[in-house]
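Listed here are the chains, written in short residue letters.
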Amino acid sequence: LARRASVDQNWVEKNTADGVPYYYNMSTEAVSWDKPNALKTAAELEQDSGDWCWVSDQKVTWAPARVTKRTPEGAHVQLSSGRAKVIVKSAAEPLWPLKKSSLNHLEDDLVMVDDLNQGLMMHCLRERYGQDKIYTWVGANHTVLISVNPFKQLPIYSVETMNEFSKPGANRVPPPHVFAIAHNAFLALKIGARNQAVLISGESGAGKTEATKQVLAYLAEIAGSENNVEQKILSANPVLEAFGNAKTLRNNNSSRFGRWMEVHFEPTRGSICGCRIENYLLEKCRVTFQQEGERNFHIFYQLCKAPAGAKYGLGDPNYFRYLNQSGCVSVANVDDVHEFNEVSTSFRNLNFEPECTEWILSLVAAVLHVGNIEFESDGDQGSSVKSKSRGSVESVASLLGLPFDTVNTAFTSRTIHVRGEETHILHKPHDAVEAADALAKAIFGNLFDWLVKRINSAVDFTQANSLFIGVLDIFGFEIFETNSFEQLCINFTNEKLQQHFNKSTFKEEESVYQSEGIQYDKVPFIDNQPILDMIEKKPMGILILLDEEIRLPRGSDDRWLSKCGTRHAADANWIDAANDQARTMFTIQHYAGRVQYSSEGFMEKNKDALYRNMYDMMSRVPHPLTREVFPPMDANPRRLRTLGEKFRGQLKALMSTVDACEPHYIRCIKPNHKKKANMFEITMCIEQLTYAGVFEAVKIRKSGFPFRLPHGHFYARYNCAAKGSAIALNPGDQAGTCRQLIAAIPQDFGSIQIGETMVLYRANEHRVLELLRNLALELVLPMLQRQVRRAIGWRYLRKLREVFSICRAPVDAGNDYHALEFAVDRAANVIAPMRPLFASEPWILAKARKIKFALKERVELTAVLEQLVNKDAGEHFEEFVAALQRADKIADVRGTDAQMALEERCRQKLSLVAGLKVDPLATEALHLLDKPMMSMVVGEAEKYSYRSDDVAEIERLLALSEEDFVKLQLKKANELGDPDRVINREIRLKEMFLEAYGGMFSLAMCSLLKDADDWANEKFFGLAFNKKDVAAGMLNHTAKPIHACLTDLEAEDERKLATRQFRSLMAYMGDRAYSYPDQLIAEYLELGLRGKSELRAEFYIQVMKQLRNNPSTESAKKGWEVMIFMLSSFPPPESVENFVALFLRQMAPEGQKDKFSIALHASTYGGGRSAPISLPEFPQILSKFYEQEMSAKYGSDDYVSVRGRPVSSTPRVGDGAKTPEFGREAKDDSKDASAPAPPASGRALPPAPVAAANSATALFDFTPDADDGTLALREGDVVEVLDSSDADWWLAKKPDASEGWVPSSYLKML
């Protein structure tokens, strides 16, 4: 007992590399994921005690319950609610045992759950779904993924997420995600050189289309291309969805066709080189009919609502029969006009010529006009177009380029050829309607097929030896109230796919065990080959019989159904109509369940035929593309293939392709029928998982050996866990080595199987092995990291020595510009391969750059100073300041004696300028320095010929330059305590400064930027062939992600973050296709708000880059929206403020320059937000910017918000006042010179006074706003300055001994 207690006390809690807790016993070396009893609290022990099981529950399907009593028939249980139940064990109540702690293990792989039953598996899926973890693995090989539709946007598809999955850690198992499936496929393609297939299945609304988009987006992001073809592939999605997707009762964006997309990869670099798309079974019947609550294909509503639709005679969708019959013409949260704009952009990206796009839209419009044609009897055997429909016929004829009579005749009659004789048949009104509907379906269906071919030609850059990843997005099983020919084809497809899943998941699993010689329990599963034979096997398959019936003279639906019933009467999967059912009904027992079909219309739908005269009419249309869509038809009807034949041929080719690929599966699950977020209906999900074969897959993998590694791989992975002396791998007997290794690990691994080529084991053994490996790596990894760092360090040192030898002589000389230029270029190329690893540049290279810049700058500066030296410093104050600031920046590199003497003369002249020229007057106009009011005073004085000192002073002030006058206004605003006007006048001074000296703040002059050549060198470690082009485009718009950040960010993680986040900017601007661009830009803005000023500066520069020379109007529009969001979120840092200001002045769209200028100043002076912008705020911020008036204080017009009474006598200040500077310093200095308001409450006053005995006189009156330690002054007061150490506030003492702080600019030393 004592020993047992000692063992229990030696349990400690540890964490894996991913931070997951596990438990290790230091005395026995046992490991466990479950917390040992020795570490549990009393509450935890009480909770986990007892006998638990799963029982059925009406609300949650399966509920955990505590067993209070076992009986021979079953058990007495108590649910968590306290309710007691008596359970009789049966197939419906299996009483699966439950270990209570298992409820806390929400495994990301269903094979890893503790017990194999629906209760625990569904508990795991439901709880994960509640945590927004919508993905779950099925098996350790990570080829099967469950995806549960969240019915809401989740922040899990960002650029940052893609980066995490593209660069997984060496010891990190990737969490379940659609990106992980895509990455596994891409990795297998590159390493195994074998084609891959990602098969996405699920019922309508389960999220198949979204999964397809995310797989393609991930491949496009991590693989890229040399010719930007991956963006063309992504651009195909909006087009295919517009023409092939529709709103159904189950899904707002349901794919009404199947597609197989082969993304081809260049064999050497692994980049995308092309794509091929195959489409299957478009639901053409939707063109002419939709049930209540559904919509036609998206493109019809998009074109009707877009302004472009008017050109084709379109408008309100409710006007068109093909759109108004379902009562649904709009979808919540879907902007059809915006979607149409995306389709138009995609057409351009896919190189569709404008004329071609116009032709496509004209055919779409023609379909809608066809639907509005109504017919009436002609009084005899035929029909005619109603007079009110004549306009619709004219529209169709005009859009097709045909004469009115040709189109009119085609609707009301047809011609048939029998044994060489031509017969003219008139259409009755209902026949004419059917003919019109058939034409509409044929036009749209053929147009869709043509679009797919045209897209293929735009993205087909495949190479002969390229490999591909195929992505299949195809309809799931459909079981409706009324099922027809379309549903039979769809369900037949799913039977084929299920057979493939069975083969790869079950049959191949068994074949592995057999080939390895492993004992295993065989898991039964449903083999659906008999169903496939009944449907397609010659000569009696039901689809084969249907094709034959079409070719018979008197073939009919009834005769076909009768033959099927006779041929398959003995087949258990064929069920004839019951006595109480219509004779047209029959049932097939599919893998997913029984489906009842109506045979009515099977033959006509299988014919998929358009009357010959209508087809011939379309094949003779003047437009060449229309004739391409309707090529000449074979005259012999027996040689025409039925729709079923075409589809079976396509499906056969697809399955042959898929069978040759390495498969990956995404099983999409729809959690509820209401399309509502956070609702998980277990019964519904169990049904879908059963139909998809997931439970069987989990069962066979868990009951078998889901974890398997080749002998050598097993040894390499787990050799570190062995105790004692090292075990060497015996190449001749690797299996024996693995046995030795397992024996050397102090754990019970008796169930591990050593096969012929592999080691096979189950989830429990896998958990323990991984934990032991984790323990070993805690010791091994630090040592390995030291060795790698040492090797990298030595290589870097050799590079540093080479750079030093190159730069030393030119740096020591210090005066040879050309030698320095050569040395800098050469040294940069030497160090370029190491720059991604080491942020800092070699000091001697940095010094060489600095000297090189200084020499060049010194020459240019000398020319400027030679012009200034003979000018008046007072009149050209700002020019002197700007020139000497440039000189300060290169003070470390001394010029020639003549250059330095010239610089000194300019400095002396500048020092003589003491300050502003004028002071405000005592009148109200002079008191406020309100220019309109002053002009009015002068006008009035002139009117009455009045002259006075005040009028003369006003005339003098009005004659000043705007800059001088604004400086006085700024001074006055400070005196009056008018902070809004202070901001307003500072803004105007900044703008004037930029107007005069904007050349200093062009983006290329920003000191934060990397050298363009260095930036180009960072691409491919300096091995890029087009470095000059890369360098030239550093600050211009690009359609490709940047390879490195644009500024010299210090931290490695910030550099990588900035580089990745550029993709989020591109996503929102439409420069690159990503899902949820609004969400991505919101993340971009939040990172900027939370980040350091250096990261904010990088983001501002990135936006300016994408707006420079942007060829796309739409992209630029979105870029300016980002600028608005950024200005609303956080101000530009001081380091780039003037560069942003100049950029906005020069580049902002016409009519918006002032708005952007005001927004910049509001951001700079108002400060940033405390919380990031949320998605719902986006339209509000844009609306406020474009439509609402912004505060006048941020404009350039004078804004007076405080109108106080003038003092009795206001002095005029002479040349002793200070002159404000500009930029960020200008704002602070101008406040210094203009008597800032007293310290606000809470402001830290200057430090304790130091002894001083200097006297000063007050230049102005100063009245404190509050009792905050300041001292009141009157003009002329003489005070003693006790402390002048602070630049803004001095401590003064009056003769009456009162002391306090006063503005330093209000005092003049005596």
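Residues numbered from 1 in each chain as written. Predicted model: local features only at pLDDT ≥ 70, side-chain atom pairs only at ≥ 80, totals over all residues. Heavy atoms only, no water.

Notes on the sheet that holds strand E22 (residues 585-590)
The criterion, for reference: Any two strands with at least two DSSP bridges between them are considered paired. Runs of H or I in DSSP of at least four residues are treated as helices and runs of E of at least two as strands, each being numbered from the N terminus. Note on geometry: axes are lines fitted to C-alpha atoms, helical ones only across the stretch in contact, with angles between N-to-C directions running from 0 to 180 degrees. Residues count as neighbours in contact if any of their non-hydrogen atoms are within 4.5 Å of one another.
Spatially, three strands are ordered E21-E22-E23 in an open sheet, and the strand pairing comes out antiparallel. Taken across any chain shown, the strands that pair with only one partner, and hence form the sheet edges, are strand E21 (574-576) and strand E23 (593-598). Mean inter-strand twist for the sheet, computed between neighbouring axes without regard to direction, equals 25°. Both E22 and E23 contribute to a ladder of six bridges, which runs antiparallel. By the bridge assignment, His-590 is partnered in E23 with Gly-593. Each of E21 and E22 touches helix H16 (residues 529-536); the most contacted strand, E22, lies at about 145° to it. Packed onto the sheet, helix H18 (residues 557-567) meets E21 and E22 and runs at close to 120° relative to E21.

As for the nonpolar core
Put simply, the test is: For the purposes of this section, nonpolar cores are sets of buried Ala, Val, Leu, Ile, Met, Phe, Trp, Tyr and Cys residues that join through side-chain atoms within 4.5 Å. Per-residue accessibility, obtained with a 1.4 Å probe over protein chains only, is compared with the maximum for each type, and a residue is labelled buried under 20%, exposed over 50%, and partly exposed between these values.
Formed by 191 residues in total, the largest nonpolar core has its most connected members in Phe-243, Phe-300, Ile-360, Trp-450 and Ile-666. Looking at which element gives the most residues to this core, the answer is helix H14 (residues 429-459), with 17 residues. Those residues in contact with Phe-243 that sit more than four places away from it in its chain are Leu-282, Phe-297, Ile-299, Phe-347, Ile-360, Val-364, Phe-444, Leu-447, Phe-448 and Leu-451. Counting 63 residues, the second largest nonpolar core, distinct from the first, contains Leu-1049, Ile-1081, Val-1122 and Met-1123.

Points about the packing of aromatic side chains
Rules: Here a Phe, Tyr or Trp ring, Trp counted by its six-membered ring, pairs with any other such ring whose centre lies within 6.5 Å, and the pair is stacked when the planes are under 30 degrees apart, edge-to-face when over 60, and tilted otherwise. In this scheme, the term charge over a ring applies when either NZ of a lysine or CZ of an arginine sits within 6 Å of the ring centre and within 35 degrees of the ring normal.
Scanning all chains against the criterion turns up 41 aromatic pairs. Pairing Tyr-157 with Tyr-1076 gives two aromatic rings, centres 5.9 Å apart and planes at 35°, and the pair type is tilted. Separated by 919 residues along the polypeptide, Tyr-157 in the loop between strand E10 (144-148) and helix H4 (159-166) and Tyr-1076 in the loop between helix H39 (1052-1069) and helix H40 (1077-1090) bring together distant segments of the chain. Residue Tyr-157 is classed as buried on the basis of its relative accessible area of 7%. Here Tyr-1076 falls in the partly exposed class, since its relative accessible area comes to 21%. Note on Trp-359 and Trp-450: the rings are 4.9 Å apart at their centroids and 75° apart in plane angle, and the pair reads as edge-to-face. Remark: Trp-450 occurs in helix H14 and Trp-359 occurs in helix H11 (residues 354-371); sequence separation between them is 91 residues. The same class applies to Trp-359 as to Trp-450, namely buried. Lying over the aromatic face of Tyr-301, Arg-295 brings its terminal NZ or CZ to 4.0 Å of the ring centre. The cationic tip of Arg-390 hangs over the ring face of Phe-404; the distance from NZ or CZ to the ring centre is 4.2 Å.

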